[in-house]
Amino acid sequence: MTDSPTSSTPTDIRGPRLHGVYDALRAAVLSGEIRPGEGISETRVAARYGVSRTPVREAFRRLADEGFLRIVPQVGTFVAPIQLSAVSDSQFIRETLECRTVRLAAERAEAADDASLTRLLDSHRAVMSPDRHSEFFALDEATHAELARIAGRPAVWDLLVAVKAQLDRVRFLSLHSEGWAAKIVGEHQSIVDRVAARDPDGAEEAMRAHLRTVFAAVDEIARTNSHFFET
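In this text the structure is predicted, and so the values were computed from the model without any measurement.

> Mind showing me how you'd approach the nonpolar core here?
Within soluble globular proteins, side chains that are nonpolar tend to cluster in buried spots. Ranked by internal contacts, the top residues of the largest apolar core, which has 22 residues, are Ile82, Val87, Phe136, Val170, Ile221 and Phe229. With residues near it in sequence (within four places) discarded, Val170 still touches Ile82, Val87, Val214, Ala217, Val218, Ile221 and Phe229. Judged by nonpolar contacts, the second largest core, of 21 residues, contains Leu30, Ala46, Leu63 and Val79.

> Just checking my understanding: could you explain helix α11 (residues 213-224) for this structure?
Listing the buried residues of α11 in full gives Thr213, Val214, Ala217, Val218 and Ile221. The buried side chains of α11 occupy one side of the element, clustering within an arc of 150° when seen end-on. Where α11 is buried, its residues touch α4 (84-108), α8 (165-174), α9 (180-196), α10 (200-211) and β5 (229-230).

> Just checking my understanding: could you explain the environment of Glu178 for this structure?
Position of Glu178 relative to the elements: it lies in the loop between α8 and α9. With a relative accessible area of 83%, Glu178 lands in the exposed category. Counting along the chain gives 48 residues from Glu178 to Pro130, while the straight-line C-alpha distance between them is 9.1 Å.

> Got a minute to help me understand α10 in this structure?
Helical geometry note: an α-helix holds 3.6 residues per turn, so side chains three or four residues apart project in the same direction. For α10, spanning 12 residues, the distance from its first C-alpha to its last is 16 Å, which sits close to the expected 16 Å at 1.5 Å a residue. Restricting attention to buried positions, one finds in α10 the residues Pro200, Gly202, Ala203, Glu204, Ala206, Met207, His210 and Leu211. Buried residues belonging to α10 abut α4, α6 (133-150), α9 and α11.

> Would you explain the confidence of the model for the chain in this entry?
Predicted coordinates in areas of low pLDDT are best not read in detail. Within the chain, residue pLDDT values average 88, and 92% of them lie at 70 or more. Of the regions scoring below 50 in pLDDT, residues 1-16 engages in 21 contacts with residues more than four places distant in sequence or in other chains.

> Explanation requested: unusual backbone geometry in the structure shown.
Non-glycine residue Gln74 carries a positive phi angle of around 70°. Relative to the helices and strands, Gln74 is located in the loop between β2 (69-72) and β3 (76-79). The class of Gln74 is exposed, set by a relative accessible area of 84%. Even without a glycine there, the phi angle at Arg198 is positive, about 55°. Assignment of secondary structure puts Arg198 in the loop between α9 and α10. Overall, Arg198 belongs to the partly exposed group, its relative accessible area being 33%.

> How should I be thinking about the packing of α6 against helix α7 (residues 154-163) in this particular structure?
Geometrically, a packed helix pair is captured by the angle between its two axes and the distance between the axes. Relative orientation of the contacting elements α6 and α7 amounts to 140°, with a least axis distance of 7 Å. α7 is crossed by α6, and the crossing has right-handed handedness. Contacts from Glu141, His144, Ala145 and Ala148 in α6 reach Pro154, Trp157 and Val161 in α7. Here the residues of the contact of α6 with α7 sort into five nonpolar, one polar and one charged.

> I keep staring at the sheet that holds β3 and nothing clicks. Help me out?
If you walk across this open sheet you meet the three strands as β1-β3-β2, and the pairing is antiparallel. Edge positions in the sheet fall to β1 (39-40) and β2, since each of these pairs with one other strand and no more. Sitting on the sheet, helix α3 (residues 53-65) is in contact with β1, β2 and β3, with an inclination near 115° to β2.

> Explanation requested: the pairing of β3 in the structure shown.
The side chains of a regular strand alternate between both faces of the sheet. Burial of the side chains of β3 is restricted to one face: Thr77 and Val79 are buried, whereas none of Gly76 and Phe78 on the reverse face is. Where β1 lies against β3, two bridges are found, and the strand directions are antiparallel. In the strand pairing of β3, Ile40 is matched with Thr77.

> What is the right way to look at the pattern of salt bridges in this model?
Any two side chains of opposite charge can pair, given that their charged atoms come close. On inspection of all chains with the given rule, the structure shows 25 salt bridges. The salt bridge involving Asp114 is made with Arg198; its shortest N-O contact spans 3.0 Å. Taken together, the residues Asp114 in helix α5 (residues 111-125) and Arg198 in the loop between α9 and α10 connect sequence positions 84 residues apart. Judged by its relative accessible area of 18%, Asp114 falls in the buried class. A salt bridge links Glu141 to Lys164, with the shortest nitrogen-to-oxygen separation between them at 2.8 Å. Taken together, the positions of Glu141 in helix α6 and Lys164 in the loop between α7 and α8 put the pair 23 residues apart, joining distant regions of the chain. Each member of the pair, Glu141 as well as Lys164, carries the same accessibility label: buried. Connected through shared salt-bridge partners, Glu95, Arg103, Asp201, Glu204, Arg208 and Arg212 make up one network.

Reading the values: the criteria
Residues numbered from 1 in each chain as written. Predicted model: local features only at pLDDT ≥ 70, side-chain atom pairs only at ≥ 80, totals over all residues. Heavy atoms only, no water. Core = buried A, V, L, I, M, F, W, Y, C linked by side-chain atoms within 4.5 Å. Buried < 20%, exposed > 50% of the residue type's maximum accessible area, 1.4 Å probe, protein only. Contact = heavy atoms within 4.5 Å. Helix = DSSP H or I, 4+ residues; strand = E, 2+ residues; numbered from the N terminus. Arc of directions from axis to C-beta. Expected span 1.5 Å × (residues − 1). pLDDT = per-residue confidence, 0-100. Axes fitted to C-alpha atoms, helices over the stretch in contact; angles between N-to-C directions. Left-handed = near helix turned anticlockwise from the far one by under 90°. Nonpolar A, V, L, I, M, F, W, Y, C, P; charged D, E, K, R; others polar. Pairing = 2+ DSSP bridges. Salt bridge = Lys/Arg side-chain N within 4 Å of Asp/Glu carboxyl O.

Structural data, given as structure tokens:
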């Protein structure tokens, strides 16, 4: 994330100033645009988004409370390492809920739902290039949200979105690894195939295998970037 002012206001800076700056910075941390350990400055962030330092300071405090930033008095503000304990906890919650959800999806799906999932997979394949990571991630999320909808449990996905932020940081960083996007799409295809076959056991097995790829992602990223993580 460069600190120089942009020529146009980002699309996510639209609401109240605090909310806009907070959303933009949170998205930048989640996506890895600003990486663990990187320093950020109130002055430069304020200049980038055309706001005073007050909403930036408040956004920094809120993000620090959530574990995304680390404020060191008299030194500076830095992107916090990814908390492995939080990754493990959110992975446990996600696996517990989504494996049950995908079973329901396989039991309840109709032809129109199969078509919807196929369209999402086709869109996903179209954005696998390295310059389209944000679109790829959004379609990943949309696929899981659609499975929850088909299962008749859309609120389950809303709950998961609220608890998996540290996990999402790993997922975004993993997209920089060669072949990772294709791996994710292949796993989604397996899940969709099992749902289309009305195979709850197979769908659950495919979902569990898919969700556990996060552990391989942590291992791969940690080999060259161990400073990104803390226990």
